[in-house]
Amino acid sequence: MAEFSLSLNEDQLQLQKWIHEFAVDVIRPAASEWDEREEFPFPVVEQAAEIGLYGWEFMAEAIMNDPTGITLTMAIEELFWGDAGIGRAIMGSGLAAAGIMASASQEQVMEWVPQCYGTADNVLLGAFCASEADAGSDVNAYRTRATYDEATDEWVLNGTKAWITNGGIANIHVVVAVVDPKLGSKGHASFIVPPGSAGLSQGQKYKKHGIRASHTAEVVLDEVRVPGHCLLGGKEKLDERLARVREGKKGNAQAAMQTFEATRPAVGAQAIGVARAAYEYSLEYAKEREAFGRKIIMNQSIAFMLADMATEIDATRMLIWRAAWLGKNGKFKNAEGSMAKLKAGRVSVWVTERAIQILGGYGYSREYPVERWHRDAKIHDIFEGTEQIQQLVISRAISGLRIE
Ligand SMILES: Cc1cc2nc3c(=O)[nH]c(=O)nc-3n(C[C@H](O)[C@H](O)[C@H](O)COP(=O)(O)OP(=O)(O)OC[C@H]3O[C@@H](n4cnc5c(N)ncnc54)[C@H](O)[C@@H]3O)c2cc1C
């Protein structure tokens, strides 16, 4: 087990520098255009794939060969410092990969995870499809149904998933569906819907407040038939698990929740990347801009705002790194992943709002990036567990009570 340390090692520092350069040279210059176009930035993701930044090998290296758990959060902070919409476009397939790894066999991981990324010559995407229009936080309310057809050894999927990153444009869709409605969220299972499966289509594409370069859409499943081996973890394990739950024994944690729990420090890192971008920009601005015959930073009200912004960002990064390390070493105790994500979303929204304040009228203009960062920050209070859901998870962990 690696010791927890705040100093990055040589490999981590090199990786950080490499991603930062990509963010400066490629992501930042493209950010405004793709935000305005509100389209998936394929050319940028292809460039990321060419240098090996988008790909399952990169993710495997960043996750598997890092005993500290911190490498991925550090990489994500740099990407999102570049731009959150493009950052999400590059990282979105990781959610599908995490969804697969949460419940798949080793063979299934090897078969499907690479197909969530493709190659530098043929970039592919993955999508993790859990949420539904009437079931976001409330995972008990999923209605998408999976029924087993014994005659053909196929699963038949029906339902509509909502708010899905890369939904409908992905090669691999990982779908969480109800296999036994009587068991609530314990009756769920995850399925791979392979490319070209008949009956899967994209529903509406959402027009969003922020992270507009990231594609978010409904996924419609109409009598989608997938082979038996597309059930993640396999039928034998599923049957055993369902039998345990029916007998009242403790089942595994819910499929969707497992995925979200593992990704929370990374989501916090996204948020803090956006916050840092806004903080650095407003610091430089405050040192340049003059009012009443002096630089605006010479007013304590502005300088103290920047001091608070820097402090909040650094404090949040500590929580994220702690959570990443605890998660990697199986030491979560008081929902530290949720704490990191909760704090990061709030800090990101607050810091980006303060950055607008420091830029005054210019901060409110689309000619300057801070209004975009403010729009981008807000999603971190919402997806992968809202602010209130993080509070719920933390309050249950610290109290040991089933707080409602
Ligand atoms: C841009 C974007 C991308 C997304 N990508 C994906 C994706 O790739 N895959 C996927 O599966 N989903 C995705 N989502 C869905 C996202 O995870 C949900 O939007 C989120 O979980 C919230 O669900 P909801 O929107 O239904 O809100 P609701 O659950 O309806 O919540 C509404 C409000 O009620 C509060 N609330 C709900 N229950 C409680 C409670 N018990 N206690 C206190 N307060 C409560 C919430 O905190 C919130 O403030 C995405 C969403 C967005 C916006």
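No experiment lies behind these values; they were computed from the predicted model shown.

**Student:** Looking at this structure, I do not really get the overall build of the protein. What am I missing?
**Tutor:** Secondary structure assignment for the protein yields twelve helices and nine strands. The globule rule puts the C-alpha radius of gyration for 404 residues at 22 Å, and the 22 Å found for the protein is close to it. Looking at the protein as a whole, 48% of its 404 residues are labelled buried. Sequence-distant contacts in the protein: of pairs separated by 6 or more residues, those separated by 24 or more amount to 74%.

**Student:** How should I be thinking about the domain arrangement of the protein in this particular structure?
**Tutor:** When the domains of the protein are assigned, the result is domain 1 (10-116), domain 2 (126-246) and domain 3 (255-399). Summarising the inter-unit geometry, the C-alpha centres of domain 1 and domain 3 are found 20 Å apart. Listed per partner, the contact involves 21 residues of domain 1 and 22 residues of domain 3. Of the residues forming the side of domain 1 that touches domain 3, the biggest block, nine residues, is contributed by helix 4 (residues 70-82).

**Student:** In this structure, what is going on with the nonpolar core? I would like to understand it.
**Tutor:** A general trend in soluble globular proteins is that nonpolar side chains are found buried together. In this structure, Ala96, Leu157, Phe191 and Ala275 are the most contacted members of the largest nonpolar core, which totals 112 residues. In terms of residues, this core owes the most to one element, helix 8 (residues 255-288), which gives twelve residues. The residues contacting Ala96, other than those within four sequence positions of it, are Cys116, Gly126, Ala127, Phe128, Ala170, Ile172 and Val174.

**Student:** Just checking my understanding: could you explain helix 10 (residues 336-359) for this structure?
**Tutor:** Every α-helix carries 3.6 residues per turn, so stepping three or four residues along brings you back to the same face. Between its first and last C-alpha atoms helix 10 spans 34 Å; for 24 residues at 1.5 Å apiece the expected length is 34 Å, and the two agree. Burial within helix 10 is extensive, with 20 of its 24 residues counted as buried. Where helix 10 ends, the next residue or the one after it, Gly360, has phi of about 60°, a positive value.

**Student:** Help me out: how do you make sense of the packing of helix 4 against helix 5 (residues 84-103) in this one?
**Tutor:** Relative placement of two packed helices is described by the angle separating their axes and the distance separating the axes. Running from amino to carboxyl end, helix 4 crosses helix 5 at an angle of 135°, the nearest separation of the two axes being 6 Å. The angle between the axes of helix 4 and helix 5 places the two elements in the oblique class. The handedness of the crossing between helix 4 and helix 5 comes out as right-handed. Residues Ile76, Leu79, Phe80 and Gly82 of helix 4 form the contact with helix 5, whose participating residues are Ala84, Ile86, Gly87, Ile90 and Met91.

**Student:** Even after reading the chapter, I still don't get the site of the ligand, so can you show me in this structure?
**Tutor:** Neighbouring residues of the ligand: 22 residues in total, closest Ala130, Gly136, Ser137, Thr386 and Gln388. Where the shell around the ligand is concerned, the elements lending two or more residues are strand 1 (126-129), strand 3 (154-165) and helix 12 (387-399). When the residues that make up the shell around the ligand are grouped by side-chain class, the tally is twelve nonpolar, seven polar and three charged. Here the shell around the ligand spans two domains, and each of domain 2 (126-246) and domain 3 (255-399) adds at least three residues to it.

**Student:** Looking at this structure, how should I read the pairing of strand 1?
**Tutor:** Taken residue by residue, a regular strand's side chains alternate between the two faces of the sheet. Covered by surrounding structure in strand 1 are Gly126 and Phe128 together with Ala127 and Cys129, the residues of both alternating faces. Alignment of strand 1 against strand 4 (residues 172-178), held across four bridges, turns out to be parallel. Its bridge partner being in strand 4, Phe128 is matched across the sheet by Val174.

**Student:** When you look at the pairing of strand 7 (residues 216-227) in this model, what are you seeing that I'm missing?
**Tutor:** Looking at chain direction, strand 3 and strand 7 are connected through nine bridges and run antiparallel. For Gly159, the partnering residue across the bridge sits in strand 7 and is Leu221. The sheet contact formed by strand 6 (residues 200-205) and strand 7 spans four bridges and is antiparallel. Across the sheet, the residue bridging to Lys205 is Ala217, located in strand 7.

**Student:** Is there a simple way to think about unusual backbone geometry in this case?
**Tutor:** Glycine aside, a negative phi is what most residues show, and trans is what most peptide bonds show. Despite not being glycine, Trp163 shows a phi value in the positive range, around 60°. Among the secondary structure elements, Trp163 is positioned in strand 3. Residue class for Trp163 comes out partly exposed when judged on the 19 C-beta atoms lying within 10 Å of it.

**Student:** Honestly, the environment of Ile211 in this entry has me stumped. Any pointers?
**Tutor:** With respect to the helices and strands, Ile211 occurs in the loop between strand 6 and strand 7. With 29 C-beta atoms counted inside 10 Å, the residue Ile211 sits in the buried group. When the C-alpha positions of Ile211 and Lys378 are compared, they lie 9.3 Å apart, and in sequence the two are 167 residues distant.

**Student:** Can you help me understand helix 5 in this one?
**Tutor:** Here helix 5 spans 28 Å end to end across 20 residues, near enough to the 28 Å set by a 1.5 Å rise per residue. Maximum bend of helix 5: about 40°, positioned at Ile90. Within helix 5, 19 of the 20 residues are buried, which leaves it mostly tucked inside the rest of the structure.

**Student:** Teacher, can you tell me more about the environment of Val109 here?
**Tutor:** The topology assignment puts Val109 in helix 6 (residues 106-112). Exposure remark for Val109: the 16 C-beta atoms within 10 Å place this residue in the partly exposed category. A sequence separation of eleven residues divides Val109 from Ala98, and the C-alpha atoms of the two residues are 9.8 Å apart. Discounting residues that sit within four places of it in the chain, Val109 has contacts with Ile100, Met101 and Ala104.

**Student:** What exactly am I supposed to notice about the packing of helix 10 against helix 12 here?
**Tutor:** Where helix 10 meets helix 12, the closest approach of the two axes is 9 Å, and the angle between their N-to-C directions is 150°. Put simply, helix 10 runs roughly antiparallel to helix 12. Between helix 10 and helix 12 lies a crossing of left-handed hand. Of helix 12, the residues touching helix 10 (which contributes Ser338, Met339, Lys341, Leu342 and Gly345) are Glu387, Gln390, Gln391, Val393 and Ile394. Each residue belonging to the contact of helix 10 with helix 12 can be placed in one class, and the counts come to four nonpolar, four polar and two charged.

Scoring rules and cut-offs
Residues numbered from 1 in each chain as written. Predicted model: local features only at pLDDT ≥ 70, side-chain atom pairs only at ≥ 80, totals over all residues. Helix = DSSP H or I, 4+ residues; strand = E, 2+ residues; numbered from the N terminus. Rg over C-alpha atoms; globule rule 2.2 N^0.38 Å. Buried ≥ 20, exposed ≤ 12 C-beta atoms within 10 Å, placed from the backbone. Contact = placed C-beta atoms within 7 Å. Domains from an automatic or database assignment. Core = buried A, V, L, I, M, F, W, Y, C linked by C-beta atoms within 7 Å. Expected span 1.5 Å × (residues − 1). Axes fitted to C-alpha atoms, helices over the stretch in contact; angles between N-to-C directions. Parallel < 35°, antiparallel > 145°, perpendicular 65-115°, else oblique. Left-handed = near helix turned anticlockwise from the far one by under 90°. Near = placed C-beta within 6 Å. Nonpolar A, V, L, I, M, F, W, Y, C, P; charged D, E, K, R; others polar. Pairing = 2+ DSSP bridges. Bend = angle between axes of the 7 residues up to and from the residue.

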